[in-house]
Amino acid sequence: MQRIHFNEVVTRDGFQNEPAFVPTDDKVALIDELSACGYAKIEVTSFTSAKAIPMLRDAEEVMGRIRRVPGLETTVLVPNVRGAERALECRADELNLVMSTSETHNLANLRMPREHSFGGLREVVQMAHGRVAVNVSLSCCFGCPMEGDVPEAEVLRWADRFAELGVRGLTICDTTGMAHPGQVRQMARTLRQRYPGLQMTLHFHNTRGMGLANLLAAVEEGITRFDGSLGGLGGCPYAPGATGNICSEDAIHMLQALGLDTGIDLPRLLAAARRLPDIVGHDVPGQVAKAGPIQQLHPAPAYVQELRERFA
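What comes next concerns the included structure. All values reported here derive from a predicted model rather than from experimental measurement.

The next subject is the overall build of the chain. When helices and strands are tallied, the chain shows 13 helices and eight strands. A compact globule built from 312 residues should have a C-alpha radius of gyration of about 20 Å, and the chain, at 20 Å, falls within 12% of that. Principal axes of the C-alpha set define a box for the chain whose edges measure 80 × 40 × 35 Å. Within the chain, the proportion of its 312 residues that are buried is 55%.

With that out of the way, let us pick up the nonpolar core. Ranked by size, the top nonpolar core spans 88 residues in total, and within it Phe-15, Tyr-39, Leu-95, Ile-172, Leu-215 and Phe-226 carry the most contacts. The leading source of residues in this core is helix 11 (residues 266-280), at eight residues. Not counting residues within four places of it along the chain, the set of residues in contact with Leu-215 comprises Phe-6, Phe-204, Phe-226, Ile-246, Ala-251, Met-254 and Leu-255.

Now for helix 11. In this model helix 11 runs 21 Å from its N-terminal to its C-terminal C-alpha over 15 residues, within 8% of the 21 Å that 1.5 Å per residue would give. Of all bends in helix 11, the biggest is about 25°, found at Arg-274, and the proline Pro-277 comes one to four residues later. Restricting attention to buried positions, one finds in helix 11 the residues Leu-266, Leu-269, Leu-270, Ala-272, Ala-273, Leu-276, Ile-279 and Val-280. Along its buried surface, helix 11 packs onto helix 2 (24-35), helix 10 (248-257) and helix 12 (288-291). The backbone nitrogen of Arg-268 lies 3.2 Å from a side-chain oxygen of the residue at the head of helix 11, namely Asp-265. The first or second residue beyond helix 11 is Gly-281, which carries a positive phi of 80°.

What follows concerns the pairing of strand 5 (residues 133-139). When you tally the buried positions in strand 5, you get seven out of seven residues, the bulk of the element. Here strand 5 shows two buried faces, one formed by Ala-133, Asn-135, Ser-137 and Ser-139 and the other by Val-134, Val-136 and Leu-138. Across seven bridges, strand 4 (residues 94-100) lies against strand 5 in parallel orientation. Of the residues in strand 5, the one forming a bridge with Met-99 is Leu-138. In this structure, strand 5 lies alongside strand 6 (residues 169-173), joined through four bridges in parallel fashion. Counted as the bridge partner of Leu-138 is Ile-172 from strand 6.

Looking now at the sheet that holds strand 6. Reading around the barrel, the eight strands line up as 1-2-3-4-5-6-7-8 and close back on themselves, with parallel pairing between neighbours. Adjacent strand axes in the sheet meet at a mean angle of 25° when their direction is disregarded.

This brings us to the pairing of strand 1 (residues 5-8). Note: strand 1 against strand 8 (residues 225-228), four bridges, orientation parallel. Pairing of His-5 across the sheet is with Arg-225, part of strand 8. Alignment of strand 1 against strand 2 (residues 41-46), held across two bridges, turns out to be parallel. Opposite Glu-8, over in strand 2, you have Ile-42 as the bridge partner.

What counts and how
- Residues numbered from 1 in each chain as written.
- Predicted model: local features only at pLDDT ≥ 70, side-chain atom pairs only at ≥ 80, totals over all residues.
- Heavy atoms only, no water.
- Helix = DSSP H or I, 4+ residues; strand = E, 2+ residues; numbered from the N terminus.
- Rg over C-alpha atoms; globule rule 2.2 N^0.38 Å.
- Buried < 20%, exposed > 50% of the residue type's maximum accessible area, 1.4 Å probe, protein only.
- Core = buried A, V, L, I, M, F, W, Y, C linked by side-chain atoms within 4.5 Å.
- Contact = heavy atoms within 4.5 Å.
- Expected span 1.5 Å × (residues − 1).
- Bend = angle between axes of the 7 residues up to and from the residue.
- Polar contact = N/O pair within 3.5 Å; in protein donor to acceptor, adjacent residues only side chain to side chain.
- Pairing = 2+ DSSP bridges.
- Axes fitted to C-alpha atoms, helices over the stretch in contact; angles between N-to-C directions.

Keep in mind these values describe shape, not function.
In structure tokens, the structure reads:
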């Protein structure tokens, strides 16, 4: 049975969109708890400017305080060479670089054309070579809310350029929740054939309620690495109505129910998920933490036994 590897992104992708700053102590405690759950990677934070993302202004302190667990990689988002230098000083295991395959989304999100983004990220890849692993996350690979369809050929054009630079992995992102399972199947098939030597991760959002269906379609096509966010937190500010990433515990519960090996301690993960609303100060979209896993049974009402005896 093939192992499914999960990357947790709640403390970066999730928390950066929160309206209120999550205290550093809470971030560190949550990361330490998640580190014991069996994840492949945790995207801990982002080394962007505090002015750009004030919610993650404590990146150095968080990285300095978290417990390092053998076998678990700490990955961080970096926008440029300076961010990469800060991440290296904090002993990040992987640098995650981001740009969009949609020109309009890249301009809206990163304030520059795609070629400018590529040039800056190429410098990061060159600087990191031989020092730390690099992953590139390509946004809007399944559609752009401003341009519409993003052709698969355009996604592959950018993926090819980063693959040629020697990055370790690519994350193909449904940034705005526009993917559907048929599209995912085709993309997953193409990616596996084209990049057999790269770590290939898929990143889905649940904006239109198709996140878990898309994940399952990708699994059935042989993809084994996925991003998820505890409680389903996160989202894209340039996708009207976006409701966040796929929920880690819901996705892992589904895969384990299907008999797939995720390596995740689901009861421990659910315990962490149930504490998340208190950390962020509001309810979260995740469902399994509220309803319990399907194996969790409940006692029948007392009158059921009386009915059994009456109708015996």
